[in-house]
Amino acid sequence: MTELVDAKARDRILSDYETTFFVEAAAGTGKTTVLVGRIVGLIRSGKGTLARIVAVTFTEKAAGEMKLRLRLELEKARLHAGPAERNRLDKALEELELAHIGTIHAFCGDLLGERPVEAGIDPAFKMLDDAAAEAIADQTFERWLQRILADPPEGPRRILRRRSGGEPPHEQLRMAMHALCNHRDFAQAWRRDAFDRQKAIDVLLDELAEVGELASLSSWTDDYLARNLAEIASFVREATRLEAVRGRDYDGLEADLRDLATNRRRFKGWDHKGAPRTTFGRLSRDEVLARRDGVRTKLKAFVASSDADLAPLVHDALQEAIVDYESLKSKTGSLDFLDLLIKMRNLVRNDEKVRKELQGRFSHFFVDEFQDTDPLQAEILMLLAADDHAVTDWRAVEPCPESCSWSVIRSSPSIGFDARTSRCTQKSRGSCSAQALNCFI
Ligand SMILES: Nc1ncnc2c1ncn2[C@@H]1O[C@H](COP(=O)(O)OP(=O)(O)O)[C@@H](O)[C@H]1O
Ligand SMILES: [Mg+2]
């Protein structure tokens, strides 16, 4: 069999335990295989024990598979091991069910369960799965919606005027609530840039009306571009129909303009180009087309700006519902997946004693599919692997290979079974004294 071009890199991952590795390669090229092989090698050589190893990945399925593959490889390695090595491998097999080989959430759940007082959580905390957490969020959302409906704050008020083009408005608000719940770790207020919505709407309506009027000048009334212009003219007429009676309704117009820009079923003509020979008074088809497309670009820009203007308002208005969600969970002593990560991060970052203890307890970290890690998860892992007990900012952590090491493995965007895309980058600092991460995949 021909040797793989990256065989040396693979061998190093399997034999050099003093170095932190970041491995990046395409799907199916053998990353998890070398991760498992490295864990087995560490145990077999006596340089590491399963109790001091943390190997995490992000889905239950991948975590289950990693554990299964590790068991198989430990069993396989036993068959050809000498007595001392076999003892170590047997011990690892005994410890496997209790080892921290699994999802990062399970890892955090285990550690929080050991230190509920320091973590500030109910010692008998209950884990909420996604469906249970969603049910509580929905309950608090409905309560919030009933409270605000009589006199909604500006953000929800503007959303509630949306009539079509996707989900109904209350569903859009509910989805916003879920999204915000999942990003509770970003507590800062959202930026709201200056945006003169009324002026933008006034200008846009004038321009739409102007371009719409060109329809009547068309040399051929059935021309597709002329039809689109007539559609625009009728939109403006309809949207401003009641203005004489009740004044300009900016919330309604914002919703209508959004509909005009995004509802492809209702406004089909935006892509029509018309016939080259059709003229519009003194204007050629191309000139009219350029004007129509210019207005369309402005319309899209308006939708983007008004959505950006709306987002911080909705964010602020929904905070009440999110506070309610937090309090309902805490009354029942429940934690959702994000709570696990936030509580764990806070514990590791803010409690030096616990941090030091955990840093001493784990000697090697392995992370499979690192591209799926979010900053909060990376923060927890980096702090646990930090060299310096005093460091509380994970960005200051330098992975280094002495008493603890990382292995980080991640899938690269390239697809296929091309082992040549495998890369093994060594990151080590000779001056580093203690901790690092051993394998990120
Ligand atoms: N060096 C290798 N030579 C041949 N097959 C391999 C090698 N390494 C891994 N494999 C096989 O390739 C498949 C994919 O390996 P896996 O480690 O799951 O890839 P990845 O984690 O990169 O997606 C598995 O069936 C594995 O047994
Ligand atoms: Mg894999």
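Residues numbered from 1 in each chain as written. Chains lettered and ligands numbered in written order. Predicted model: local features only at pLDDT ≥ 70, side-chain atom pairs only at ≥ 80, totals over all residues. Heavy atoms only, no water.

Secondary structure summary: the chain contains 17 helices and 11 strands in total. About 22,300 Å² of surface is accessible on the chain, with carbon and sulfur atoms providing 53% of the total. (Helix = DSSP H or I, 4+ residues; strand = E, 2+ residues; numbered from the N terminus. Areas by Shrake-Rupley, 256 points an atom, 1.4 Å probe, with all protein chains shown as cover.)

What follows deals with the site of ligand 1. The immediate surroundings of ligand 1 are formed by Leu-4, Arg-10, Ala-26, Ala-27, Gly-28, Thr-29, Gly-30, Lys-31, Thr-32, Thr-33 and Arg-69. At 2.8 Å from an oxygen atom of ligand 1 is found a side-chain nitrogen or oxygen belonging to Thr-32. Here the shell around ligand 1 takes three residues from helix H2 (residues 31-45), the largest share from any one element. When its residues are assigned to classes, the shell around ligand 1 shows three nonpolar, five polar and three charged. (Near = heavy atom within 4 Å. Polar contact = N/O pair within 3.5 Å; in protein donor to acceptor, adjacent residues only side chain to side chain. Nonpolar A, V, L, I, M, F, W, Y, C, P; charged D, E, K, R; others polar.)

The subject of this paragraph is the packing of aromatic side chains. Enumeration according to the criterion identifies five aromatic pairs in this entry. With a centroid separation of 5.6 Å and an interplanar angle of 35°, the aromatic rings of Phe-141 and Trp-144 are classed as tilted. A residue pair is termed a helical-turn pair when its members lie 3 or 4 positions apart in one helix, as Phe-141 and Trp-144 do in helix H7 (residues 130-148) at three residues. Of the two residues, Phe-141 and Trp-144, neither departs from the other in class, the shared state being buried. Judged by centre distance (6.1 Å) and plane angle (70°), the rings of Phe-362 and Phe-365 are edge-to-face. Like Phe-362, the residue Phe-365 is buried in the burial classification. Chaining the aromatic ring pairs together yields one cluster made of Phe-107, Phe-362 and Phe-365. Cation over ring: Arg-227 sits above Tyr-224, and NZ or CZ is 4.5 Å from the ring centre. (Phe/Tyr/Trp six-rings, centres within 6.5 Å; stacked < 30°, edge-to-face > 60°. Buried < 20%, exposed > 50% of the residue type's maximum accessible area, 1.4 Å probe, protein only. Lys NZ or Arg CZ within 6 Å of the ring centre and 35° of its normal.)

Turning to the side chain of Glu-379, a few remarks are in order. Inspection of the secondary structure puts Glu-379 in helix H17 (residues 375-384). Sequence-distant contacts of Glu-379, that is, excluding residues within four places in its chain, are made with Arg-345, Arg-349 and Trp-394. (Contact = heavy atoms within 4.5 Å.)

Let us look at the pattern of salt bridges. A complete count under the given rule lists 47 salt bridges for this structure. Here Arg-184 makes a salt bridge to Asp-339, at a shortest N to O gap of 2.8 Å. One end of the pair, Arg-184, is in the loop between helix H9 (169-181) and helix H10 (197-213); the other, Asp-339, is in helix H15 (residues 337-350), with 155 residues separating them in the sequence. Among the residues examined, Arg-184 registers a relative accessible area of 12% and is labelled buried. A salt bridge links Asp-293 to Arg-292; the shortest N-O distance between them is 2.9 Å. Using a relative accessible area of 1% as the deciding quantity, one classes Arg-292 as buried. Taken together, the shared-partner salt bridges connect Glu-154, Arg-157, Arg-158, Arg-192, Arg-197, Asp-251, Glu-254 and Asp-309 into one network. (Salt bridge = Lys/Arg side-chain N within 4 Å of Asp/Glu carboxyl O.)

Turning our attention to the side chain of Ser-334. Checked against the element boundaries, Ser-334 lands in strand E7 (residues 334-335). Given the relative accessible area of 5%, Ser-334 is considered buried. Of note is the side chain of Ser-334, whose polar atom sits 2.6 Å from the side chain of Thr-332. Here Ser-334 is in contact with Lys-126, Leu-128, Lys-329 and Asp-339, once residues within four sequence places are set aside.

Another aspect to go through is H15. In this model, H15 (14 residues) spans 20 Å end to end at C-alpha, consistent with the 20 Å of a helix rising 1.5 Å per residue. Of all the positions in H15, only Leu-338, Asp-339, Leu-340, Leu-341, Ile-342, Met-344, Arg-345, Leu-347 and Val-348 are classed as buried. One side-chain oxygen of the residue at the start of H15 lies 3.2 Å from the amide nitrogen of Leu-338, identifying that residue as Asp-336. (Expected span 1.5 Å × (residues − 1).)

A separate point is the nonpolar core. In terms of nonpolar packing, the biggest core is built from 30 residues, with Phe-107, Met-344, Phe-365 and Leu-384 touching the most fellow members. Contributions of two or more residues to this core are made by strand E2 (53-57), helix H5 (104-114), H15, helix H16 (352-361), strand E8 (364-367) and H17. Discounting chain neighbours no more than four positions away, the residues touching Met-344 are Cys-108, Leu-111, Leu-112, Asp-339, Leu-358, Ile-380 and Leu-384. Ranked by size, the runner-up nonpolar core spans 28 residues in total, among them Leu-204, Leu-214, Ala-226 and Leu-289. (Core = buried A, V, L, I, M, F, W, Y, C linked by side-chain atoms within 4.5 Å.)

Moving on: the packing of H2 against helix H4 (residues 83-95). Packed helices, taken two at a time, are described by the angle their axes make and the gap between the axes. With their axes 7 Å apart at the nearest point, H2 and H4 run at an angle of 125° to one another. As summarised for this structure, H2 and H4 are arranged oblique, according to the angle between their axes. Contacts between H2 and H4 pair Val-40, Ile-43, Arg-44 and Ser-45 from the former with Glu-85, Arg-88, Leu-89 and Ala-92 from the latter. (Axes fitted to C-alpha atoms, helices over the stretch in contact; angles between N-to-C directions. Parallel < 35°, antiparallel > 145°, perpendicular 65-115°, else oblique.)

With that out of the way, let us pick up the packing of H10 against helix H11 (residues 224-239). Relative to each other, H10 and H11 sit at 135°, their axes nearing to 8 Å. Here H10 lies oblique to H11, going by the angle between them. Relative to H11, H10 is oriented so that their crossing is left-handed. Only Leu-229, Ile-232, Ala-233, Phe-235 and Val-236 of H11 make contact with H10, whose side of the interface consists of Leu-205, Leu-208, Ala-209, Val-211 and Gly-212. Its residues assigned to classes, the contact of H10 with H11 shows nine nonpolar, one polar and no charged. (Left-handed = near helix turned anticlockwise from the far one by under 90°.)

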